[in-house]
Amino acid sequence: VSNVGLIKYEEKEKLNRFEKFVKSNFNLDKVISLLELIDIDDTRKIRAILKEDFNDKYTGSIPALFEYLLGIAFYWISGKKVKLEDVLAMGLDNNLLPRYHTKGGREDINGIKTNTSHFIIEATLSDSDAQRRMEAEPVPRHVARYIQNNDQQKTIAIFAARKLDHNTLVVLRNYKFSPWYDSDGQAVTQYMDILPLTIKDIIYILEMGITLEDLEATIDELISSDQKDGKVWYEEEVSK
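What counts as what
- Residues numbered from 1 in each chain as written.
- Predicted model: local features only at pLDDT ≥ 70, side-chain atom pairs only at ≥ 80, totals over all residues.
- Heavy atoms only, no water.
- Phe/Tyr/Trp six-rings, centres within 6.5 Å; stacked < 30°, edge-to-face > 60°.
- Helix = DSSP H or I, 4+ residues; strand = E, 2+ residues; numbered from the N terminus.
- Buried < 20%, exposed > 50% of the residue type's maximum accessible area, 1.4 Å probe, protein only.
- Lys NZ or Arg CZ within 6 Å of the ring centre and 35° of its normal.
- Core = buried A, V, L, I, M, F, W, Y, C linked by side-chain atoms within 4.5 Å.
- Contact = heavy atoms within 4.5 Å.
- Axes fitted to C-alpha atoms, helices over the stretch in contact; angles between N-to-C directions.
- Left-handed = near helix turned anticlockwise from the far one by under 90°.
- Nonpolar A, V, L, I, M, F, W, Y, C, P; charged D, E, K, R; others polar.
- Polar contact = N/O pair within 3.5 Å; in protein donor to acceptor, adjacent residues only side chain to side chain.
- Salt bridge = Lys/Arg side-chain N within 4 Å of Asp/Glu carboxyl O.

(A) Summary view of the packing of aromatic side chains. Under the criterion given, the structure shown has eight aromatic pairs. Plain terms: the ring middles of Phe18 and Phe21 are 6.1 Å apart, the flat faces sit at 20° to each other, and that makes the pair stacked. Of the two residues, Phe18 and Phe21 are both situated in helix α1 (residues 2–25); the distance of three residues between them amounts to about one turn of the helix. Considered together, Phe18 and Phe21 belong to a single accessibility category, that of buried residues. Chaining the aromatic ring pairs together yields one cluster made of Phe18, Phe21, Phe26, Phe54 and Tyr68. When the ring centre of Trp233 is taken as origin, the NZ or CZ atom of Arg173, which lies over that ring, is 4.0 Å away. Here the basic side chain of Lys228 rests over the ring of Phe177, its NZ or CZ set 5.1 Å away from the ring centre.

(B) Highlighting the nonpolar core. In this structure, Phe18, Phe26, Leu35, Ile38, Phe66, Tyr68 and Leu69 are the most contacted members of the largest nonpolar core, which totals 76 residues. By residue number, the principal contributor to this core is helix α4 (residues 62–77), which donates 12 residues. Setting aside residues up to four positions removed in sequence, Leu69 forms contacts with Phe26, Val31, Leu34, Leu35 and Ile38.

(C) Representation of the environment of Val238. With respect to the secondary-structure elements, Val238 resides in helix α11 (residues 230–238). Considering only alpha carbons, one finds Val238 and Ile223, 15 residues apart in sequence, at a separation of 9.0 Å. Leave out the neighbours within four places in its chain, and Val238 touches Leu195, Pro196, Leu197, Leu222 and Trp233.

(D) Looking closely at the packing of helix α2 (residues 28–39) against α4. At a minimum axis distance of 10 Å, the contact between α2 and α4 shows a crossing angle of 145°. By crossing handedness, the relation of α2 to α4 is classed as left-handed. Of the residues in α4, those touching α2 at Leu28, Val31, Leu34, Leu35 and Ile38 are Ile62, Leu65, Phe66, Leu69, Ile72, Ala73 and Trp76. Here the residues of the contact of α2 with α4 sort into 12 nonpolar, no polar and no charged.

(E) Broad picture of the side chain of Glu122. Tracing the backbone shows Glu122 in strand β2 (residues 118–124). For Glu122, a relative accessible area of 3% translates into the label buried. A distance of 2.8 Å separates a polar atom in the side chain of Glu122 from a polar atom in the side chain of His142.

(F) Structural detail: the pattern of salt bridges. Throughout the structure, instances matching the rule amount to nine salt bridges. The salt bridge involving Arg132 is made with Asp129; its shortest N-O contact spans 2.8 Å. With a gap of three residues between them, Arg132 and Asp129 both fall in helix α6 (residues 128–135), about one helical turn apart. For Arg132, a relative accessible area of 31% puts it in the partly exposed group.

Right, here's the structure in full:
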């Protein structure tokens with residue numbers, strides 16, 4: 001029992017240290033500026049900034065940094081209510097920066113909860129047809145599994161990308177109106193709420209100071225739209 005207690009204490013202390021680190025090194029302006037550089041794919045500038053800030057070369061991947069920043073972004077959007085375990089679980093280097101992105105088989109980030117909803121995040125820097133091939137099947141599978149494992153709690157999945165492929169938008173929107181079946185032919189869930197956002201959309205949310213509660217209300221309104229064409233839905237409703 002004492003060993004279990006010690007492990008929990010160490011994990012709590014590690015999380016407290018990481019929260020202090022985030023508050024000191026990744027304020028809102030820093031998160032926005034790095035997301036802007038990821039959006040324009042300026043890897044050289046990103047690595048130069050991180051090297052200057054931490055006196056060391058950043059050797060992790062840019063996709064890993066993207067997931068890391070999204071977790072921190074929602075920490076700020078939630079008013080610091082979101083715990084940072086998922087970011088911490090990514091595997092961090094000595095500077096508490098990400099070494100690699102979340103392994104496959106599950107959503108990239110979860111643990112974002114309000115009184116009524118669970119938020120999970122799926123992130124990708126792929127685009128065009130590669131995005132459809134890489135994300136159109138895993139994203140709904142991860143969302144369905146999360147819903148199943150969390151007793152059918154209301155779940156909002158945010159699909160974040162630099163650019164959104166039109167056919168990926170169509171596929172993901174379709175699951176608002178379609179069930180997901182397991183290998184035995186049983187419907188795991190009758191529908192899924194998946195909201196696509198670009199990096200520019202997320203930057204806008206951060207710059208405007210939109211809270212998680214306000215965001216949830218807007219998302220509920222968007223998700224309930226009758227528009228089934230994902231491309232049209234994103235361009236005419238979500239993006240606006």
